[in-house]
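# Geometric and topological summary
Each chain, written out:
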Amino acid sequence: MQAIEEATKLGRLTSANSVVLAARLASFEPEESPSVDLSVYDRMLDPAGGVRP
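Sequence order as written defines residue numbering, which begins from 1 separately in each chain. In keeping with the predicted nature of the model, local features appear solely for residues at pLDDT of at least 70, side-chain atom pairs appear and are counted solely at 80 or more, and the whole-chain, interface and lining totals rest on all residues. Computation of side-chain values covers all heavy atoms of the structure but excludes hydrogens and water.

Our next topic: the overall build of the protein. A helix here means a DSSP run of H or I that spans at least four residues, while a strand means a run of E at least two residues long, and both kinds are numbered starting from the N terminus. Within the protein one finds three helices and zero strands. Counted from the first residue to the last, the protein has its helices and strands arranged as α-α-α. In this description, accessible areas are obtained by the Shrake-Rupley approach with a 1.4 Å probe, and a residue is regarded as covered only by the protein chains that are shown. Within the structure as shown, the protein displays about 5200 Å² of accessible surface, and the carbon and sulfur contribution to it stands at 58%.

Structural data, given as structure tokens:
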């Protein structure tokens, strides 16, 4: 949304274009990314005894 506001302030985005862009952004659904195993990072954050506070 900040990009839309900045473009409008600079006069680079017309009202009609901003409506179309806002509608596209509102309906945008990113593709699901493959599942990533972050357990290695969890182990790195565990204290020496493996007991979390």
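There is more to say, and it comes next.
Exposure above 30% relative accessible area and the lack of any salt bridge qualify a residue for a patch; like charges then connect within 9 Å, and the nonpolar side chains Val, Leu, Ile, Met, Phe, Trp and Tyr within 5 Å. Whenever a carboxyl oxygen of Asp or Glu lies within 4 Å of a side-chain nitrogen of Lys or Arg, that contact is scored as a salt bridge. Together, Val36, Leu38, Val40, Tyr41 and Met44 make up an exposed nonpolar region whose accessible area comes to about 530 Å². One can find Val36 in the loop between helix H2 (15-27) and helix H3 (39-45).

Moving on: the confidence of the model for the protein. When pLDDT is averaged across the protein, the result is 74; 79% of the residues are at 70 or more. Across the protein, H3 holds the top mean pLDDT of 81, while helix H1 (residues 2-9) sits lowest at 73. pLDDT measures the predictor's confidence residue by residue and takes values from 0 up to 100.

Inspection of the secondary structure puts Ser27 in helix H2. Within the local environment of Ser27, its side chain forms a polar contact with the backbone oxygen of Arg24, the two atoms lying 3.2 Å apart. For this analysis, a polar contact is any N or O atom pair within 3.5 Å, provided that within protein one partner can donate a hydrogen and the other can accept it, and provided that sequence-adjacent residues contribute only side-chain to side-chain pairs.

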